[in-house]
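Observations on the three-dimensional arrangement
Take a look at the letters that make up each chain.
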Amino acid sequence: MSNFDSINPENILFLDVGNTAIKGAFRREANWQALHDGELKTASDLIRWIEKHPAEFTGFVLSSVRKEVTEAIRHELNPLLVKALEVSDIPADFLDYESPETLGIDRFLACFGAVSHTKEAVVVIDAGTATTIDFISTEEVFCGGLIVPGFSAFMDILHQKAPALPVVETELPEKWPGKSTIDSLKWGQAGFYKHGIEQTLKKFEEEFGNFDLFLTGGDAVKVEALLEREGKIRPFLVFDGMERLLNIEH
């Protein structure tokens, strides 16, 4: 990591390689700035973007759930200027997880970023292609959680499998139970998702006690609107976690 010691933090591009897209962010005057050139879906998209901005970044830090993208980035860029954060970089006493070799590092990073914003334990809902709901303690020990279909995917399942059914909006009806097909679908999709998450949060509370709730990911606003519990939407949690883990490694 010594190659990064002399690099201005504002010259580092942080990359979050997810299941369907690559998101990038960088520091400007202590604030995160996102790349606004649209979603980058492949390593080639990313390399083309970097080639258009050759003087802006002198180091690259990434977390990735797609090995082929990581290898392509390392191949195309100077490998001395690329740091791919791995689960093996996480101090062992920060993990209470039985199979760390299978852990998607973005789950840990989102929690590790969130817990730096509060003095409480944290549950993070990362609402992306998949939705993950994970717990991290006040001692910053990641304790695991669950993985479910993402909100958008969940809302699309019935229409894909039963196209005769109408597509419905995500707001919930005032009356329970649903007394029309439209309202029944709303309760069965958005309502089912809402109740599943709320019961999960209740189970975390029973197991661990009080916590602060954070939400991140592309569907964070939609999911937060369904819940009765107040949550804090923070779009840069994974990047917060990446920066913290990078600094620990230094």
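Residues numbered from 1 in each chain as written. Predicted model: local features only at pLDDT ≥ 70, side-chain atom pairs only at ≥ 80, totals over all residues. Heavy atoms only, no water.

Now for the overall build of the chain. Secondary structure summary: the chain contains eight helices and ten strands in total. Since a compact globule built from 250 residues should have a radius of gyration of about 18 Å, the 20 Å found for the chain is in line with a globular shape. Seen through its C-alpha atoms, the chain measures out along the principal axes to roughly 65 × 40 × 35 Å. In the chain, which comprises 250 residues, the proportion classed as buried is 45%. Positive and negative charge centroids in the chain, built from 24 and 41 side chains respectively, lie 5 Å apart. (Helix = DSSP H or I, 4+ residues; strand = E, 2+ residues; numbered from the N terminus. Rg over C-alpha atoms; globule rule 2.2 N^0.38 Å. Buried < 20%, exposed > 50% of the residue type's maximum accessible area, 1.4 Å probe, protein only. Lys, Arg positive; Asp, Glu negative; His and termini not counted. Charge placed at Lys NZ, Arg CZ, Asp CG, Glu CD.)

If you trace the backbone, Glu140 turns up in the loop between strand S7 (130-136) and strand S8 (142-149). Look at Glu140 and you get buried, because its relative accessible area is 17%. Other than its neighbours up to four places away in sequence, Glu140 contacts Phe94, Phe112, Val115 and Arg244. (Contact = heavy atoms within 4.5 Å.)

Further remarks concern the packing of aromatic side chains. Inspection of every chain in the model, using the stated rule, returns 17 aromatic pairs. On the numbers, 6.4 Å between centres and 20° between planes, the contact of Trp32 with Phe236 is stacked. Of this pair, Trp32 sits in strand S3 (residues 31-34) while Phe236 sits in the loop between strand S10 (232-233) and helix H8 (237-249), and the two are 204 residues apart along the sequence. Look at Trp32 and you get buried, because its relative accessible area is 10%. Ring geometry for Trp176 and Trp187: centres 5.1 Å apart, planes at 85°, overall edge-to-face. One end of the pair, Trp176, is in the loop between helix H5 (151-161) and helix H6 (181-208); the other, Trp187, is in helix H6, and eleven residues separate them in sequence. Grouped by ring-pair contacts, the aromatic residues Phe94, Tyr97, Phe108, Phe112 and Phe142 constitute a single cluster. (Phe/Tyr/Trp six-rings, centres within 6.5 Å; stacked < 30°, edge-to-face > 60°.)

Another aspect to go through is the side chain of Thr70. Positionally, Thr70 belongs in helix H3 (residues 67-76). At 2.9 Å, the side chain of Thr70 forms a polar contact with the side chain of Ser64. Once you skip the residues sitting within four places of it in the chain, Thr70 turns out to touch Leu62, Ser64 and Ala84. (Polar contact = N/O pair within 3.5 Å; in protein donor to acceptor, adjacent residues only side chain to side chain.)

On to the nonpolar core, then. Burial of nonpolar side chains together is a common tendency in soluble globular proteins. Counting 30 residues, the largest nonpolar core has Phe14, Ile90, Phe108, Val124 and Met242 as the members making the most contacts within it. Elements with a minimum of two residues in this core: strand S1 (12-17), helix H4 (105-114), strand S6 (122-127) and H8. Looking at this core, the element that brings in the most residues is H4, giving seven residues. Formed by 22 residues, the second largest nonpolar core is a distinct cluster that contains Ile133, Leu185, Tyr193 and Leu226. (Core = buried A, V, L, I, M, F, W, Y, C linked by side-chain atoms within 4.5 Å.)

Moving on, we come to unusual backbone geometry. Cis geometry is adopted by the peptide bond preceding Pro177, which originates at Trp176 and carries an omega value of -5°. Looking at where Pro177 falls in the secondary structure, it is placed in the loop between H5 and H6. Phi angles above zero are rare outside glycine, and Ala30 is one such case at about 75°. Its relative accessible area of 61% is what places Ala30 among the exposed residues.

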